[in-house]
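What follows is the residue order along each chain.
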Amino acid sequence: MYGSGLLKGLSITIKHFFEKKITQQYPEERPALPKRFRGSFELIPSKCIVCSLCSNACPNNIISIQSKKDENNKKKLTGYQMMMGSCLYCGFCVEVCPTGALYITQKYENAVFFRQNLNVSLFKDEPEQMLQAVRSEAE
Ligand code: SF4
Ligand code: SF4
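The present account deals with the structure reproduced in this document. Small disclaimer: the values here were computed from a predicted structure and weren't measured. As a convention, each chain's residues are numbered from 1 in the sequence order in which they are written. Written order determines the labels here, with chains lettered from A and ligands numbered from 1. A pLDDT threshold of at least 70 governs which residues receive local features in this predicted model, and a stricter bar of 80 or more applies before side-chain atom pairs are shown or counted, although totals over entire chains, interfaces and linings include all residues.

Quick notes on the overall build of the chain
At step 1: By the criteria applied, helices consist of DSSP H or I runs no shorter than four residues and strands consist of E runs no shorter than two, each listed in order from the N terminus. Along the chain, the regular secondary structure elements total four helices and five strands.
At step 2: Traced from its N-terminal end to its C-terminal end, the chain shows the element sequence α-β-α-β-β-α-β-β-α.
At step 3: Field definition: a residue is buried when 20 or more other C-beta atoms are found within 10 Å of its C-beta, exposed when 12 or fewer are, and partly exposed for counts in between, with C-beta atoms placed from the backbone. When each of the 139 residues of the chain is scored for burial, the buried share is 12%.
At step 4: In the chain, once contacts between residues fewer than 6 apart in sequence are set aside, the share between residues at least 24 apart is 70%. We call two residues in contact whenever the C-beta atoms placed from their backbones are within 7 Å.

Laid out in structure tokens, this is it:
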């Protein structure tokens, strides 16, 4: 019948018009994220034993770790960077961490203006030069 396509389209429009609105007014309204949503990575440096299991498990090889030996000949973490632009969010790195030093949070606002800023340091005391060196290496 002529015009049946139009009526079909209109019926869908009318149906959605009376349904509950699903548009969220971001950023005023925040989405309810699923429990297992993977947003950003965080590190507890005091828990890290510099075993490098996380960097070895990473399929894209995006984790760089720096350390030095202390007076007791034990490795001490001095730097920890991730090139987030190449992260698959597979979670292997977190899964293998034996101490729970590395974990995933639900922080999802990770947009940056420059690509090199996706290379982030998870070690807050890390000297800025170290992060810059890793960023320029990755360019
Ligand atoms: S989530 Fe996967 S790709 Fe990303 S850093 Fe961890 S192991 Fe590497
Ligand atoms: S696996 Fe965990 S403890 Fe080992 S280097 Fe990575 S973050 Fe540190």
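Okay, back to it.
Concerning the site of ligand 2
At step 1: Around ligand 2, the structure places 13 residues, and the nearest of them are C48, C51, C54, C97 and L102.
At step 2: Residues are grouped as follows: Ala, Val, Leu, Ile, Met, Phe, Trp, Tyr, Cys and Pro are nonpolar; Asp, Glu, Lys and Arg are charged; every other residue, Gly included, is polar. Here the residues of the shell around ligand 2 sort into 11 nonpolar, two polar and no charged. Using the backbone to place each C-beta atom, any residue with that atom within 6 Å of a molecule or strand is considered near it.

Points about the pairing of strand β3 (residues 75–83)
At step 1: Where strand β2 (residues 63–69) lies against β3, seven bridges are found, and the strand directions are antiparallel. Within β3, the position partnered with S64 by the bridge is Q81.
At step 2: Two strands make a pair as long as DSSP finds a minimum of two bridges between them. With antiparallel pairing between neighbouring strands as the criterion, β2 and β3 make up a hairpin whose turn holds five residues, including N73 at a positive phi of roughly 60 degrees.

As for the environment of K47
At step 1: With respect to the helices, strands and loops of the structure, K47 is situated in the loop between β1 (40–43) and α2 (53–57).
At step 2: In this structure the C-alpha to C-alpha distance between K47 and P98, which are 51 residues apart in sequence, comes to 9.6 Å.
At step 3: Setting aside residues up to four positions removed in sequence, K47 forms contacts with T99, G100 and A101.

Quick word on the sheet that holds β2
At step 1: Spatially, the three strands line up as an open sheet ordered β2-β3-β5, and their pairing is antiparallel. In the strand order of this sheet, the two ends are held by β2 and β5 (119–121), each with one partner. Mean inter-strand twist for the sheet, computed between neighbouring axes without regard to direction, equals 20 degrees.
At step 2: Strand direction decides the pairing type here: β3 and β5, joined by three bridges, are antiparallel. From the neighbouring strand, Q81 faces β5, where its bridge partner is S121. Helix axes are fitted only over the stretch in contact, all axes being lines through C-alpha atoms; the angle between N-to-C directions runs from 0 to 180 degrees.

Points about the nonpolar core
At step 1: Judged by nonpolar contacts, F41, C48, C54, I63, L77, Y80, M82, M83, C93, A101, L102 and L122 together constitute the single largest core of 12 residues.
At step 2: Among the elements that line this core, the one with the most residues is β3, at four residues.
At step 3: For C93, the contacting residues outside a window of four places in its chain are C54, A57, C58, I63 and L102. Each nonpolar core reported here comprises buried Ala, Val, Leu, Ile, Met, Phe, Trp, Tyr and Cys residues connected via C-beta atoms within 7 Å.

Describing the environment of S121
At step 1: When you line up the elements, S121 lands in strand β5.
At step 2: Take S121: there are 19 C-beta atoms within 10 Å of it, and that puts it in the partly exposed class.
At step 3: It is 4.3 Å that separates the C-alpha atoms of S121 and Q81, two residues lying 40 residues apart in sequence.

A short note on unusual backbone geometry
Across residues other than glycine, the phi torsion is negative in most instances, and most of the peptide bonds are trans.
At step 1: With omega at 10 degrees, the peptide bond leading from Y26 into P27 counts as cis.
At step 2: As for its placement among the helices and strands, P27 is situated in the loop between α1 (4–17) and β1.
At step 3: Positioned with a positive phi, S52 is a non-glycine residue whose angle comes to about 65 degrees.
At step 4: Locating S52 in the fold gives a position in the loop between β1 and α2.
At step 5: For S52, a count of 12 C-beta atoms within 10 Å corresponds to the exposed category.
At step 6: Of note in the backbone geometry, Y89 takes a positive phi value of approximately 55 degrees without being a glycine.
At step 7: Mapped onto the elements of the fold, Y89 is located in the loop between β3 and α3 (92–96).

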